[in-house]
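# Commentary on secondary and tertiary structure
This is what each chain is made of:
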Amino acid sequence: QVHVVESGGGLVQPGGSLRLSCAVSGITFRLYTMGWYLQGPGPTRNLVAAIDSDGDTDYAGSVKGRFIISRDNDKNTMDLEMKDLTPDDTGVYLCNADDRTGRDFWGQGTQVTVSS
């Protein structure tokens, strides 16, 4: 079975920081592009940050300079360090594993709420 499990979400004040983690099992993790997506009020899941099998990263413009994505292929985990959080960062953060050949897997998400 493939399992994708996010953790680390919570309630934080504007300007605060959080670190999200995604633990994956059941796939050859090192071969997958990993990404964090934000499900806000609307129906779409928007890419926040991604890191491919070579370690190359991609960030949404709104988080560039504030968030850092990383992966540990020995632990099959991916992290997202988030700083200077704003209310617009609020939503469910979903972990995605994508082999780029037609297979991808999603976690259930972890809630991040940025509120004063």
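Above this text you will find the structure in question.
Read on for a plain summary of the structure. (Residues numbered from 1 in each chain as written. Predicted model: local features only at pLDDT ≥ 70, side-chain atom pairs only at ≥ 80, totals over all residues. Heavy atoms only, no water.)

Within the protein chain one finds zero helices and 11 strands. By principal-axis analysis of the C-alpha atoms, the protein chain measures approximately 40 × 25 × 25 Å. Taking all 116 residues of the protein chain together, 40% fall into the buried category. Relative to all contacts within the protein chain whose residues are 6 or more apart in sequence, the contacts with residues 24 or more apart total 52%. Carbon and sulfur atoms make up 44% of the accessible area of the protein chain, which amounts to about 6,400 Å² in all. Averaging the positions of the 10 positive and the 15 negative side-chain charges in the protein chain gives two centres separated by 1 Å. (Helix = DSSP H or I, 4+ residues; strand = E, 2+ residues; numbered from the N terminus. Buried < 20%, exposed > 50% of the residue type's maximum accessible area, 1.4 Å probe, protein only. Contact = heavy atoms within 4.5 Å. Areas by Shrake-Rupley, 256 points an atom, 1.4 Å probe, with all protein chains shown as cover. Lys, Arg positive; Asp, Glu negative; His and termini not counted. Charge placed at Lys NZ, Arg CZ, Asp CG, Glu CD.)

The four strands lie next to each other as S1-S3-S8-S7, forming an open sheet whose pairing is antiparallel. The sheet is open, and its two edges are formed by strand S1 (3–7) and strand S7 (67–72), each paired on a single side. Ignoring strand direction, the axes of neighbouring strands in this sheet form an average angle of 15°. By the bridge criterion, six bridges tie strand S3 (residues 18–25) to strand S8 (residues 77–82) in an arrangement that is antiparallel. Residue Cys 22 lies in a different strand from S8, and its bridge partner there is Met 78. (Pairing = 2+ DSSP bridges. Axes fitted to C-alpha atoms, helices over the stretch in contact; angles between N-to-C directions.)

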